[in-house]
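Next come the chains, spelled out residue by residue.
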Amino acid sequence: LAVAADPPQCLAFVRQCMELGIGVVAMQDLQIVATAIKDFGAEIVVCIPERVHALSLLEALGDNGPKWYFIRAGLPLAAAPWPEFGPIWFGHSNSKVVLLAGGTGDAVAS
């Protein structure tokens, strides 16, 4: 189940999920999003911190919520509209994606 916590910013994400056959819920109320995640019985939550109110969502899930991770993609630039802009701007041939453990921020996959 994919949850878009800020639907206007996530239209491409929602469309991609639907095309891949992944269930998607789009909501703006973080309490309702947290309830949907809990009721779904999610074992993990993966957030893209630049696109959702990740910390508020994780607070709403509480201490007994699922394990959580952040995805860090691209190369953040101060005025760039999205993190993938950095590698494009600098002519990199690829863009690094890192999975960070929630709470510690340690990289668990790259």
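A brief look at the structure comes next. Small disclaimer: the values here were computed from a predicted structure and weren't measured. (Residues numbered from 1 in each chain as written. Predicted model: local features only at pLDDT ≥ 70, side-chain atom pairs only at ≥ 80, totals over all residues. Heavy atoms only, no water.)

Pairing is mixed in the open sheet, where four strands are placed in the order E3-E4-E5-E6. The open sheet terminates on both sides in strands that have one partner only, identified here as strand E3 (44–47) and strand E6 (107–109). Geometrically, the sheet is characterised by an average inter-axis angle of 35° between neighbouring strands, direction not taken into account. Two elements, E3 and strand E4 (residues 67–73), share four bridges in a ladder whose sense is parallel. (Pairing = 2+ DSSP bridges. Helix = DSSP H or I, 4+ residues; strand = E, 2+ residues; numbered from the N terminus. Axes fitted to C-alpha atoms, helices over the stretch in contact; angles between N-to-C directions.)

Residues of helix H2 (residues 30–40) that are buried include every one of Leu30, Val33, Ala34, Ala36 and Ile37, and no others. Seen end-on, H2 carries its buried residues on one side only, within an arc spanning 160°. Residues Gln31 and Asp39 are exposed on H2 and point more than 90 degrees away from its buried face. Residue glycine 41 follows H2 closely and has a positive phi angle near 80°. (Buried < 20%, exposed > 50% of the residue type's maximum accessible area, 1.4 Å probe, protein only. Arc of directions from axis to C-beta.)

All right, on to the pairing of E4 then. As paired elements, E4 and strand E5 (residues 97–101) share five bridges and run antiparallel to each other. From the neighbouring strand, tyrosine 69 faces E5, where its bridge partner is alanine 101.

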